[in-house]
Amino acid sequence: MINMEEWRHVFKLDPDKEISDEHLDKICESGTDAIIVGGTSGVSFDNTIDLLARVRRYLIPCILEVSNVQAVVPGFDYYLVPIVLNAEKSEWIFQRHVEGLMEYGSLVKWNEVATEGYIILNPEAEAARLTGAKTSLDTEEIKAYGRLADQMLKLPIVYLEYSGAYGDPEIVRQLKSVLHQARLFYGGGIRSADQAQEMSNWADTVVVGNVIYEDIGQALKTVAAVKGS
Ligand code: 1GP
């Protein structure tokens, strides 16, 4: 049974990137709360199912963040479906979802699915380019997106995404201040324990991705920084 309310720290693994068995073992045994499998490009059914099979050797919950319908693999513990709230290519708001639901809608187990309202703020992020995200938002606009997701759409997760760049903790704080029911996920550019700890002051859940592939030692230190040793 998945309890997202308890997630303070998660690692995000990209099926399109190589990770050795030794490093995967360290990540899965690190004490993190869950593994999210997801990426923006190069994600296929085959590389997703391979990674699921490898993570499945461990007790850690394994969650798929769905980025394209062709790479939806059954057997994950839970599924996260992003809606990019600030996408200017409108297909990333609902059109892709409707296409997926036309194909697989009758098969979905809705008690295993949660929708994430993404706000992408790093213009260099692959996801920003793909979705044409309007990243030049001021704090009031970001808060309005937060209220849209939290109050109007009643989404369970607001995901502040800076993928590849470390964000502004003050923006995280301000966004958090307007959320009443949604969990706030922060992801982007965390490369040290201090950064992870700083973002965890405001974000409910801190997501650590790229540094896993760049500096496994630093990646592992973020767990205790967020969850306390
Ligand atoms: C990416 O938010 C995650 O979707 C984590 O970002 O890879 O920059 O850590 P990084």
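Heads up: the structure comes first, above all this text.
Worth saying up front: this structure is predicted, and the values here are computed from it rather than measured.

S.K.: Hey, could you run me through unusual backbone geometry in this one?
M.R.: In terms of backbone geometry, most residues other than glycine have negative phi values and most peptide bonds are trans. The backbone of lysine 154 sits at a positive phi, close to 55°, despite the residue not being glycine. Along the polypeptide, lysine 154 turns up in the loop between α5 (139–152) and β6 (157–161).

S.K.: Is there a simple way to explain the nonpolar core in this structure?
M.R.: Buried together is how nonpolar side chains tend to be arranged in soluble globular proteins. Counting 53 residues, the largest nonpolar core has Ile35, Val55, Ile119, Leu160 and Leu175 as its most contacted members. Setting aside anything within four residues of it in sequence, one finds isoleucine 119 in contact with Leu85, Asn86, Leu137, Ile142, Tyr145, Gly146, Val158, Tyr159, Leu160, Glu161 and Leu175. In terms of nonpolar packing, the next biggest core, distinct from the first, is built from 23 residues, Trp92, Ala125, Ala133 and Tyr159 among them.

S.K.: Explain helix α6 (residues 169–178) here, please?
M.R.: An α-helical turn contains 3.6 residues, so a residue and the one three or four places further along point in the same direction. For α6, the set of buried residues is Pro169, Ile171, Val172, Leu175 and Val178. Looking at the buried residues of α6, the elements they touch are β5 (113–120), α5, β6, β7 (183–187) and α7 (193–200). Its side-chain oxygen at 2.8 Å from the backbone nitrogen of glutamate 170, aspartate 168 defines the N-terminal cap of α6.

S.K.: Please explain the site of the ligand as it appears in this structure.
M.R.: Around the ligand sit Lys12, Tyr159, Glu161, Ser163, Gly164, Gly187, Gly188, Gly189, Val207, Gly209 and Asn210, and those are all the residues in its vicinity. Between the ligand and glycine 164, the relevant distance is 2.7 Å, taken from an oxygen atom to a main-chain nitrogen or oxygen of the residue. In the environment of the ligand, an oxygen atom lies 3.4 Å from a nitrogen or oxygen atom belonging to the backbone of glycine 188. In isolation the ligand offers 300 Å² of accessible surface; the protein chains occlude 93% of this area.

S.K.: Sorry, what's going on with the sheet that holds strand β8 (residues 205–208) here?
M.R.: Strand pairs in the sheet, formed through backbone hydrogen bonds, run parallel or antiparallel to each other. Taken in spatial order, the eight strands line up as β1-β2-β3-β4-β5-β6-β7-β8 and close into a barrel, and their pairing is parallel. If you compare each strand with its neighbour and ignore which way they point, the axes differ by 30° on average. Looking at chain direction, strand β2 (residues 34–37) and strand β3 (residues 62–65) are connected through three bridges and run parallel. By the bridge assignment for β3, isoleucine 36 is matched with isoleucine 63. Where helix α9 (residues 216–227) meets the sheet, it contacts β1 (9–13) and β8, and its direction lies at approximately 155° from that of β1.

S.K.: What is the right way to look at the side chain of aspartate 14 in this model?
M.R.: Structurally, aspartate 14 can be placed in the loop between β1 and α1 (21–28). Within the buried core, aspartate 14 has no salt-bridge partner, and the shortest N-O distance to an opposite charge, that of lysine 17, equals 4.2 Å. Within polar-contact distance, the side chain of aspartate 14 engages the backbone nitrogen of aspartate 16 at 2.9 Å. Those residues in contact with aspartate 14, other than ones at most four positions away along the chain, are Gly38, Gly39, Val43, Leu51 and Tyr213.

S.K.: Could you clarify how one ought to interpret the pattern of salt bridges in this entry?
M.R.: Working definition: two side chains of opposite charge can pair if their charged atoms are close together. In total, this model carries twelve salt bridges according to the counting rule given. Across the pair aspartate 33 and lysine 227 runs a salt bridge whose closest N-O atoms are separated by 2.5 Å. In this pair, aspartate 33 sits in the loop between α1 and β2 while lysine 227 sits in helix α9, placing the two residues 194 residues apart along the sequence. For lysine 227, a relative accessible area of 37% gives the class partly exposed.

Cut-off values and rules
Residues numbered from 1 in each chain as written. Predicted model: local features only at pLDDT ≥ 70, side-chain atom pairs only at ≥ 80, totals over all residues. Heavy atoms only, no water. Helix = DSSP H or I, 4+ residues; strand = E, 2+ residues; numbered from the N terminus. Core = buried A, V, L, I, M, F, W, Y, C linked by side-chain atoms within 4.5 Å. Buried < 20%, exposed > 50% of the residue type's maximum accessible area, 1.4 Å probe, protein only. Contact = heavy atoms within 4.5 Å. Polar contact = N/O pair within 3.5 Å; in protein donor to acceptor, adjacent residues only side chain to side chain. Near = heavy atom within 4 Å. Areas by Shrake-Rupley, 256 points an atom, 1.4 Å probe, with all protein chains shown as cover. Pairing = 2+ DSSP bridges. Axes fitted to C-alpha atoms, helices over the stretch in contact; angles between N-to-C directions. Lys, Arg positive; Asp, Glu negative; His and termini not counted. Salt bridge = Lys/Arg side-chain N within 4 Å of Asp/Glu carboxyl O.

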